[in-house]
There are 2 protein chains.
Amino acid sequence: MSTDPDRDQTSITRRRFVAGSLIGGAAVALPATAEAKRRSKPVHKPHHRPAKHRTALPTGADVIVVGAGLAGLTAARNLVNAGHSVIVIEARDRVGGRIWNHDLGGGQVSERGGTFVGPTQDYLLALAGELGVGTFPTYDTGDDVYMADGQRLTYSDGGPLGTAPPDPTTLAEVTADIELLDQLSTGIPVDAPWTASDAATYDGQTLETWIDQHSVTPRFKELVSAATRPIFGAEPRELSMLFVLFYIAASGDETNAGTFERNFDTRGGAQQSRFIGGSQTIPLTMAAQLGHPVVLSSPVRQIRQGPSTVTVVSDRLTARAEQVIVALPPALAGRIDYEPILPMERDQLTQRYGQGTLTKVAAVYPTPFWREQGLTGQALATGGPVSATFDDSPPGGSPGVLFGFVGGDYARQYNAMSPSARQTAVLDQFAGFFGAQAQQPTAYFDTSWSGEQWTRGCPVGIPGMGTLLAYGPWIRAPIGRLHWAGTETSTYWNGYMDGAVRSGERAASEVLAAL
Amino acid sequence: MSTDPDRDQTSITRRRFVAGSLIGGAAVALPATAEAKRRSKPVHKPHHRPAKHRTALPTGADVIVVGAGLAGLTAARNLVNAGHSVIVIEARDRVGGRIWNHDLGGGQVSERGGTFVGPTQDYLLALAGELGVGTFPTYDTGDDVYMADGQRLTYSDGGPLGTAPPDPTTLAEVTADIELLDQLSTGIPVDAPWTASDAATYDGQTLETWIDQHSVTPRFKELVSAATRPIFGAEPRELSMLFVLFYIAASGDETNAGTFERNFDTRGGAQQSRFIGGSQTIPLTMAAQLGHPVVLSSPVRQIRQGPSTVTVVSDRLTARAEQVIVALPPALAGRIDYEPILPMERDQLTQRYGQGTLTKVAAVYPTPFWREQGLTGQALATGGPVSATFDDSPPGGSPGVLFGFVGGDYARQYNAMSPSARQTAVLDQFAGFFGAQAQQPTAYFDTSWSGEQWTRGCPVGIPGMGTLLAYGPWIRAPIGRLHWAGTETSTYWNGYMDGAVRSGERAASEVLAAL
């Protein structure tokens with residue numbers, strides 16, 4: 001097990017290739033998978049083609065994009081396609097941000113971060129299509145596993161209950177409360193949740209308070225936590241009810257209302273499909289096709305707005321642009337030194353928008369043995385450390401990969417354990433879900449996103465109580481020549497890869513209007 | 001009116017004097033008041049006396065203190081008194097942090113930030129005594145004013161109700177709920193509120209939720225906001241009930257239980273007395289007596305821990321020390337770049353600990369005319385922008401100064417208004433409290449603490465929901481050679497000047513044990 005990128009073979013390989021691409025984006029390497037190689041051919045021809053092997057760092061462009069995650073690269077791509085010069089500056093030694101392939105060996109990958117795509121995530125699907133990155137269905141044949149207080153059930157998510165486990169203790173409340181949450185969420189405008197008629201009421205109570213008022217069953221409360229830990233990396237006590245309702249409303253698009261089910265489900269939901277070559281193929285391909293510099297390993301420290309230009313100071317280069325897009329989580333955007341200082345509203349927003357607490361754990365097996373038992377590899381557990389699992393095996397089913405979400409309080413407990421105790425706890429739980437074979441992985445790895453210096457928490461930033469109401473509009477309001485991207489700024493699929501793509505397109509449109 | 005330090009005469013004067021003191025702390029200037037000059041004589045002789053007029057910046061010391069507020073200077077003072085060398089590095093061009101005198105002219109001052117001292121604030125009182133800074137009673141003769149929905153009452157806070165306004169609409173709930181809050185707070189250990197038996201329950205509900213469950217009177221809810229805006233710079237919806245109970249419990253000392261009344265009251269409470277020469281005389285005197293460098297205008301950007309030393313990188317100097325004390329609000333401490341990165345628990349804490357939203361407004365009059373009407377100058381209002389006022393006149397009563405707290409939602413509304421509309425709104429309200437004379441000030445000034453780059457909010461950092469429970473111990477847990485000070489780290493009088501002093505002494509003790 002290793003969470004240290006220096007000891008991670010994938011990372012070393014990646015660094016060797018990507019670091020060489022610093023100046024000429026066209027030289028950015030894709031991971032060495034057959035699928036990725038096939039799909040690395042540019043769909044859009046970049047408008048600018050810098051000379052390969054140029055060694056000087058760039059000093060200016062029309063636009064500087066801070067952050068080479070999905071949002072930043074999408075913004076850069078759209079700006080380049082519109083004929084503008086761009087420099088992307090990234091703190092990490094790789095692109096992708098919260099999207100990070102893990103090399104399984106033998107040309108196979110799984111994902112340490114964002115993984116899935118589903119219906120109404122049309123921006124992400126369209127982008128993948130343009131890039132030639134294909135999708136395949138998340139393995140979902142057979143029964144899911146449900147564990148509560150030592151009780152194990154298997155059930156089909158194609159049954160009348162959908163993904164809701166057929167636990168008679170909780171079923172009535174699950175059904176009623178999900179229906180109510182979905183209905184309440186229809187009153188939340190995704191572009192301005194702070195204007196909802198009950199915004200102040202909902203932003204003044206936690207999800208825990210709301211559940212306490214709508215439930216009498218202790219196990220139901222445990223089940224709510226089992227859902228919020230993977231979805232938000234948080235406990236119900238940490239979540240504003242207004243944000244929860246917004247998050248549900250945001251799991252749709254302009255013509256489909258969001259629902260909790262679409263957020264949570266595999267079939268027909270946000271976990272329906274995966275990307276061939278791993279999700280990081282998308283940002284890697286964008287960086288490779290950009291034709292403009294993507295400067296890695298260069299954290300941005302200061303952004304100075306002048307009367308006609310903006311100066312961006314990073315560890316490896318200082319450069320100027322007419323407009324700047326900051327495509328970072330709000331908590332990290334708030335750590336940059338801005339001159340002049342940002343308005344108090346924007347600053348207070350970023351002080352109150354902590355990243356969720358999520359660790360993704362994964363075990364690798366010679367085969368996806370659970371499939372032979374008629375199981376999907378999906379489990380939902382009220383206990384911990386793992387709240388939910390998925391089959392994350394490559395398309396061919398070899399090797400078998402199970403990943404689990406460890407979130408909220410369980411992520412904090414897990415972080416305090418020794419590496420060996422962590423692995424034991426997870427494999428014991430996997431064995432409870434899928435049988436004793438789960439105790440014999442060929443590899444085990446985990447990714448503590450809160451411990452990642454340049455993300456500091458996953459899957460999403462979570463506004464504190466009253467924050468959406470007080471400062472919500474400042475999440476994406478441009479300030480002079482500064483624009484904001486990142487999934488936290490998205491109206492739809494906030495917290496998901498699709499939201500990141502949407503935010504990048506929106507920020508690019510803002511900049512195009514300003515240039 | 002000016003919130004711009006460049007246009008503030010006091011600041012210019014201060015900068016001229018203090019900037020010259022960069023290297024030799026002994027040359028730090030006190031404000032040019034007679035009281036301050038009288039009291040500038042050192043009580044403790046510094047152990048190290050650097051040559052005056054030295055021009056080179058220091059490169060190392062036993063200890064570096066980041067932040068020359070009350071906490072940092074107290075820590076530095078104790079370390080110097082124990083025989084150690086210290087460098088204090090401060091981002092601002094002045095010392096004092098949230099404590100900032102305002103020059104009224106004629107050798108008189110009032111305060112833009114922390115002002116008062118009261119019973120059980122024994123650390124602050126002892127420090128002031130050692131420094132020769134005297135106190136005088138806050139003007140409190142006569143009646144207070146209460147305004148609710150256009151209704152004006154005057155009443156004596158020496159009556160049977162104490163500070164509670166004699167509003168029959170709210171009196172029963174005020175009495176019952178304050179008694180209950182005080183009683184509940186006795187179950188909260190101030191050194192570890194996260195261990196209280198109901199900690200999870202209280203950290204999962206907002207004060208607003210709790211009030212909704214304990215009140216049926218709309219005006220009572222307005223009154224609660226009128227209290228939380230000055231005390232926390234926040235609305236009840238923004239406050240974890242666990243933090244509120246801790247804050248009450250913390251308004252005492254080792255032998256006196258905290259109470260809401262001691263927190264809120266003038267007579268017998270935290271607003272009982274003021275400092276001769278203004279509260280900033282305390283940090284100014286400490287800096288002047290330190291005999292070690294206090295480097296101003298030098299924001300700390302990076303702290304690198306090595307095997308035997310720590311390197312602190314700031315705009316004007318890079319220096320090394322054996323131990324470092326970071327005496328900043330958590331939100332600002334989190335913006336420094338640490339190598340190696342801090343544990344995820346500490347980082348997530350600082351992501352979830354936004355500074356309150358508080359603007360202090362003040363009007364200056366030829367005389368404190370309200371005194372002639374038998375009024376204390378203290379008002380409490382359910383409307384806005386001002387929730388509470390105090391008489392902040394110098395000891396001799398000339399000129400007359402009224403200041404008001406504009407906090408929470410009202411601070412946000414106020415910030416969005418034009419300067420002239422702000423002044424009009426406040427003076428209209430002052431006139432409603434104290435009569436038409438309030439419309440004719442000789443000066444008006446305000447201080448938006450959320451707009452101050454190196455504080456970013458007042459009076460205190462506020463942990464998000466579940467943050468104390470999840471990450472509470474990390475507020476002051478040393479990390480290698482790093483120690484944390486600041487009022488947010490204090491067990492008693494958290495959020496007050498006394499808490500800052502306590503935190504500085506505690507951090508200095510930690511460092512002394514480590515050196």
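Quantities reported herein were computed from a predicted structural model and do not represent experimental measurements.

Caption draft 1: Main features of the relation of the copies chain A and chain B. Under the fitted operation, chain A is carried onto chain B by 0.0 Å of movement along the axis and a turn of 180 degrees, and the coordinates agree to an RMSD of 0.0 Å. A rotation of that kind, with that shift, is consistent with a two-fold axis. Residue Arg-335 of chain A, judged by its C-alpha, is the member of chain A lying nearest the rotation axis, at 2.3 Å. In this assembly the copies share their binding face: 100% of the residues contributing to the interface of chain A also contribute to that of chain B.

Caption draft 2: Region of interest: the nonpolar core. Counting residues in hydrophobic clusters, the biggest one holds 53 residues, and the most contacted among them are Leu-207, Phe-232, Leu-239 and Phe-243 of chain B. In terms of residue count, the dominant contributor to this core is helix α9 (residues 241-249) of chain B (nine residues). In contact with Leu-239 of chain B, other than residues within four places in its own chain, are Gln-205, Thr-206, Leu-207, Thr-228, Phe-232, Ala-234, Val-244, Ile-462 and Met-465 of chain B. Ranked by size, the runner-up nonpolar core spans 52 residues in total, among them Ala-148, Leu-184, Leu-207 and Trp-493 of chain A.

Caption draft 3: Expanded view of the sheet that holds strand β6 (residues 135-137) of chain A. Residues and elements named next belong to chain A. If you trace the three strands from one edge of the open sheet to the other, you get β5-β9-β6, paired in antiparallel fashion. A strand with exactly one partner marks an edge of an open sheet, and here the two such strands are β5 (116-117) and β6. In this structure, β5 lies alongside strand β9 (residues 273-275), joined through two bridges in antiparallel fashion. If you follow Val-117 over to β9, its bridge partner there is Ser-273.

Caption draft 4: Local environment of the pairing of strand β7 (residues 143-148) of chain A. All names here are of chain A. Of all six residues in β7, five are buried, a share of seventy percent or more. Pairing analysis gives four bridges linking β7 to strand β17 (residues 375-381), with the strands arranged parallel. Bridge pairing in β17 places Met-147 opposite Ala-381. The pairing of β7 with strand β8 (residues 151-155) spans five bridges and is antiparallel.

Caption draft 5: Summary view of the interface of chain A and chain B. The interface is formed by 47 residues belonging to chain A together with 47 residues belonging to chain B. Carbon and sulfur atoms make up 44% of the area that chain A and chain B hide from each other, which totals about 3500 Å². One can count six salt bridges joining chain A with chain B. Where chain A meets chain B, there are 38 residue pairs in polar contact (both at pLDDT 80 or more). Sorting the residues of the side of chain A that touches chain B by element identifies α6 (199-202), α7 (207-214), β11 (300-305), β14 (337-339), α13 (344-351), β15 (353-355), α15 (409-415) and α17 (467-471) of chain A as the ones contributing at least two each. Among the elements that line the side of chain A that touches chain B, the one with the most residues is α13 of chain A, at six residues.

Caption draft 6: Just the pattern of salt bridges, in detail. All names here are of chain A. The full count for this structure, using the stated rule, is 44 salt bridges over all chains. Between Arg-301 and Asp-315 there is a salt bridge, with its nearest N and O atoms 2.8 Å apart. Residue Arg-301 is found in strand β11, and its partner Asp-315 is found in the loop between β12 (310-314) and β13 (318-326); the two are separated by 14 residues along the sequence. The class of Arg-301 is partly exposed, set by a relative accessible area of 27%.

Caption draft 7: Geometry of empty space enclosed by the protein. As enumerated under the stated definition, the model contains 13 cavities of 30 Å³ or more in all. The calculated volume of the largest cavity comes to roughly 270 Å³. Taken together, 19 residues form the lining of the largest cavity, with Arg-352, Gly-464 and Met-465 of chain A together with Gly-464 and Met-465 of chain B sitting closest to its centre. Listing elements by their share of the lining of the largest cavity, those giving two or more residues are β15 and β21 (461-463) of chain A together with β22 (461-463) of chain B. By residue class, the composition of the lining of the largest cavity is nine nonpolar, six polar and four charged.

Caption draft 8: Just the packing of aromatic side chains, in detail. Enumeration over the complete set of coordinates arrives at 38 aromatic pairs over all chains. Here the aromatic rings of Phe-232 of chain A and Tyr-247 of chain A are separated by 4.6 Å at their centres, their planes lie at 45 degrees, and the arrangement is tilted. Taken together, the residues span a long stretch of sequence, with Phe-232 of chain A in helix α8 (residues 218-232) and Tyr-247 of chain A in helix α9 (residues 241-249) at a distance of 15 residues. Tyr-247 of chain A matches Phe-232 of chain A in its accessibility class, with the two residues each being buried. Ring geometry for Trp-100 of chain B versus Trp-449 of chain B: centroids 6.0 Å apart, planes at 75 degrees, classification edge-to-face. Separated by 349 residues along the polypeptide, Trp-100 of chain B in the loop between β2 (86-89) and β3 (101-105) and Trp-449 of chain B in the loop between β21 (443-448) and β22 bring together distant segments of the chain. A relative accessible area of 1% means that Trp-449 of chain B is categorised as buried.

Caption draft 9: The environment of Ala-71 of chain B, seen in detail. Residue and element names in this part refer to chain B. Considering the arrangement of structural elements, one finds Ala-71 in helix α3 (residues 70-81). Taking the C-alpha atoms as reference points, Ala-71 and Gly-504, 433 residues apart in sequence, are found 4.4 Å from one another. Ala-71 has contacts with Ala-327, Ala-485, Gly-486, Ala-500, Ser-503 and Gly-504, leaving out every residue within four places of it along the chain.

Caption draft 10: Inspection of the pairing of strand β17 (residues 358-365) of chain B at higher detail. All names here are of chain B. Here β17 lies mainly inside the structure; eight of its eight residues are buried. With burial as the criterion, each face of β17 is covered, one bearing Leu-358, Lys-360, Ala-362 and Val-364 and the other bearing Thr-359, Val-361, Ala-363 and Tyr-365. Relative to strand β20 (residues 400-407), β17 runs antiparallel, the two sharing eight bridges. Note on β20: the bridge partner recorded for Ala-362 is Phe-403. In terms of strand pairing, β17 meets β21 through six bridges, oriented antiparallel.

Caption draft 11: Just the environment of Ala-234 of chain B, in detail. Residue position: Ala-234 of chain B is located in the loop between α8 (218-232) and α9. The contact partners of Ala-234 of chain B, leaving out residues within four places of it in the chain, are Thr-228, Arg-229, Leu-239, Gly-408 and Ile-462 of chain B.

Caption draft 12: Representation of helix α4 (residues 122-131) of chain A in the model. All names here are of chain A. Within α4 the residues assigned to the buried category are Leu-124, Leu-127, Ala-128 and Leu-131. Each buried residue of α4 lies within a common arc of 100 degrees when the element is viewed along its axis, so the set occupies one face. Contact partners of the buried residues in α4: α3 (70-81), β5, β9, α11 (281-290) and α18 (497-514).

Caption draft 13: Inspection of the side chain of Thr-206 of chain A at higher detail. Looking at the element boundaries, Thr-206 of chain A is found in the loop between α6 and α7. Residue classification places Thr-206 of chain A among the buried residues on the basis of a relative accessible area of 0%. A polar contact of 2.5 Å, which involves the side chain of Thr-206 of chain A, links it to the backbone oxygen of Gly-204 of chain B.

Caption draft 14: Quick peek at the sheet that holds β7 of chain A. All names here are of chain A. Ordered by their spatial adjacency, seven strands build an open sheet running β8-β7-β17-β18-β19-β16-β20, and the pairing between neighbours is mixed. The strands lining the two open edges of the sheet, one partner per strand, are β8 and β20 (443-448). On average, adjacent strands in this sheet sit at an angle of 20 degrees to one another, irrespective of strand direction. Sitting on the sheet, helix α16 (residues 419-434) touches β7, β8, β16 (358-365), β17, β18 (388-391), β19 (400-407) and β20, and the angle it makes with β17 is about 115 degrees.

How each quantity is defined
Residues numbered from 1 in each chain as written. Chains lettered and ligands numbered in written order. Predicted model: local features only at pLDDT ≥ 70, side-chain atom pairs only at ≥ 80, totals over all residues. Heavy atoms only, no water. Least-squares fit on C-alpha atoms with pLDDT ≥ 70 in both. Contact = heavy atoms within 4.5 Å. Core = buried A, V, L, I, M, F, W, Y, C linked by side-chain atoms within 4.5 Å. Buried < 20%, exposed > 50% of the residue type's maximum accessible area, 1.4 Å probe, protein only. Helix = DSSP H or I, 4+ residues; strand = E, 2+ residues; numbered from the N terminus. Pairing = 2+ DSSP bridges. Buried area = accessible area lost by both parts, 1.4 Å probe. Salt bridge = Lys/Arg side-chain N within 4 Å of Asp/Glu carboxyl O. Polar contact = N/O pair within 3.5 Å; in protein donor to acceptor, adjacent residues only side chain to side chain. 1 Å grid on protein atoms, 1.4 Å probe; cavity = no way out; pocket = protein on both sides within 12 Å on 5 of 7 lines; lining within 4 Å. Points joined across faces, edges and corners; volume = space filled by probe spheres on them. Nonpolar A, V, L, I, M, F, W, Y, C, P; charged D, E, K, R; others polar. Phe/Tyr/Trp six-rings, centres within 6.5 Å; stacked < 30°, edge-to-face > 60°. Arc of directions from axis to C-beta. Axes fitted to C-alpha atoms, helices over the stretch in contact; angles between N-to-C directions.

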